[in-house]
Amino acid sequence: MPRVSQDHLEARRRQILDGSRSCFARFGYEGATVRRLEEATALSRGAIFHHFKDKESLFLALAEDDATRMADVVAEQGLVQVMRNLLDEPAHGGGHAPGADWLGTRLEVSRRLRTDHEFRERWAQRSEQLTTATRARLQWQRDAGNLRDDVAVDVLTAYLELVLEGLVSHLAMGLPAEHLSAVLDVVEESVRRHRGR
């Protein structure tokens, strides 16, 4: 029996994650039944659960995948750039812009964190990645003399994460976004060091 290549396995895993992202975003965690996951991924339940132990493992892998992609952007360009990407392509999932499906999944993560203790414990192990990347980027900016030094890096990290959560909620509710780029300019300016003042 021929062995399946690693590239094929990775492509299948990506197909499952991409299809299930839209399913979770559209129907929520409970509404994303196995039948709907099969339709969204164009794969059988056997194929889906060959790669993921159960629906919760699939959802956590999806959320972790999104967090990893965001952490990569943060490491290169900062958390404000993640927010700008949300504004640049709110309806698409391509490139580095998470898109509408990502917003829906992110909101589902937030909902489950409030209502599911076991999920909260499992998610805590994964959510630190974005915070760590943000903190490291801010420390790098501080060491370069670009970041205000009168506020602790941990406080600035929490501030930017709070702004991100507010932006996600705003966009997910379909509220107007025309002035949000200027708002992000203010956020970015608020963490910068201003020389000569």
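Here, every reference points to the structure presented above.
This is a predicted model, so every value here is computed, not measured.

(A) Looking closely at the overall build of the protein chain. Scanning the protein chain for helices and strands turns up nine helices and zero strands. Listing the helices and strands of the protein chain from first to last along the sequence gives α-α-α-α-α-α-α-α-α. Expressed as lengths along the three principal axes of its C-alpha atoms, the size of the protein chain is roughly 70 × 40 × 30 Å. Relative to its full complement of 197 residues, the protein chain shows a buried share of 40%. Across the protein chain, every contact between residues at least 6 apart in sequence was considered, and the portion connecting residues at least 24 apart equals 65%. For the protein chain, the exposed surface amounts to about 11,000 Å²; the carbon and sulfur share of it is 51%. Looking at charge distribution, the protein chain has the averaged site of its 28 positive side-chain charges lying 2 Å from that of its 31 negative ones.

(B) Main features of helix H5 (residues 79–88). The element H5 is largely enclosed, with a buried count of eight among its 10 residues. Along H5, the residues classified as buried are Leu-79, Val-80, Val-82, Met-83, Arg-84, Asn-85, Leu-86 and Leu-87.

What counts, and where the lines are drawn
Residues numbered from 1 in each chain as written. Predicted model: local features only at pLDDT ≥ 70, side-chain atom pairs only at ≥ 80, totals over all residues. Heavy atoms only, no water. Helix = DSSP H or I, 4+ residues; strand = E, 2+ residues; numbered from the N terminus. Buried < 20%, exposed > 50% of the residue type's maximum accessible area, 1.4 Å probe, protein only. Contact = heavy atoms within 4.5 Å. Areas by Shrake-Rupley, 256 points an atom, 1.4 Å probe, with all protein chains shown as cover. Lys, Arg positive; Asp, Glu negative; His and termini not counted. Charge placed at Lys NZ, Arg CZ, Asp CG, Glu CD.

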